[in-house]
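The lines below spell out each chain.
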Amino acid sequence: MTPNHPDAAPVSLPASQTQRIVESRDLFRGGNEILIAHDGAVYRMKITRQGKLILNK
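Now for a look at the structure at hand. (Residues numbered from 1 in each chain as written. Predicted model: local features only at pLDDT ≥ 70, side-chain atom pairs only at ≥ 80, totals over all residues. Heavy atoms only, no water.)

1. Side note on the overall build of the protein
Stated precisely, the cut-off is as follows: Each helix is a run of H or I in the DSSP string that is no shorter than four residues. Each strand is a run of E no shorter than two, and both are numbered from the N terminus. Throughout, exposure labels follow a simple rule: accessible area from a 1.4 Å probe, protein chains only, divided by the maximum for the residue type, with under 20% read as buried, over 50% as exposed, and the rest as partly exposed. All accessible-area figures derive from a Shrake-Rupley calculation using a 1.4 Å probe, and residue coverage is judged against the displayed protein chains alone.
Scanning the protein from terminus to terminus reveals 1 helix and 3 strands. Helices and strands appear in the protein in the N-to-C order α-β-β-β. The proportion of buried residues among the 57 residues of the protein is 7%. Split by element, the accessible area of the protein, about 5,400 Å² in all, is 51% carbon and sulfur.

2. Considerations on the sheet that holds strand β3 (residues 53-56)
The criterion, for reference: At least two bridges found by DSSP between two strands are what make those strands a pair. Whenever a helix is involved, its axis is fitted only over the stretch in contact; in every case the axis is a line through C-alpha atoms, and angles between N-to-C directions fall within 0 to 180 degrees.
Within the open sheet, the 3 strands sit side by side as β1-β2-β3. Their pairing is antiparallel. Where the open sheet ends on each side, the last strands, each with one partner, are β1 (33-38) and β3. Taken pair by pair, the neighbouring strands of this sheet meet at an average axis angle of 25 degrees, ignoring direction. Here 4 bridges tie strand β2 (residues 41-47) to β3, and the two strands are oriented antiparallel to one another. Following the sheet pairing, K46 is matched in β3 by I54.

3. What to know about unusual backbone geometry
With the exception of glycine, most residues fall at negative phi, and the peptide bonds are largely trans. Here R29, not a glycine, exhibits a phi torsion of approximately 50 degrees, which is positive. Structurally, R29 can be placed in the loop between α1 (24-28) and β1. Classification of R29 as exposed rests on a relative accessible area of 73%. The residue D39 is not glycine, and still its phi comes out positive at about 55 degrees. One can find D39 in the loop between β1 and β2.

In structure tokens form, the structure reads like this:
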């Protein structure tokens, strides 16, 4: 569980695999929308009023 999201389940990974966790506040920097360039396409990620993330192409 994370301090900001008490209902979130901890991430379990095999010992041989590591995953980097990036805080959404570090990506959004106080905003509620970012653009992500991936493989030649641009995606829009938004934080909803309910605090959920939505990713659109």
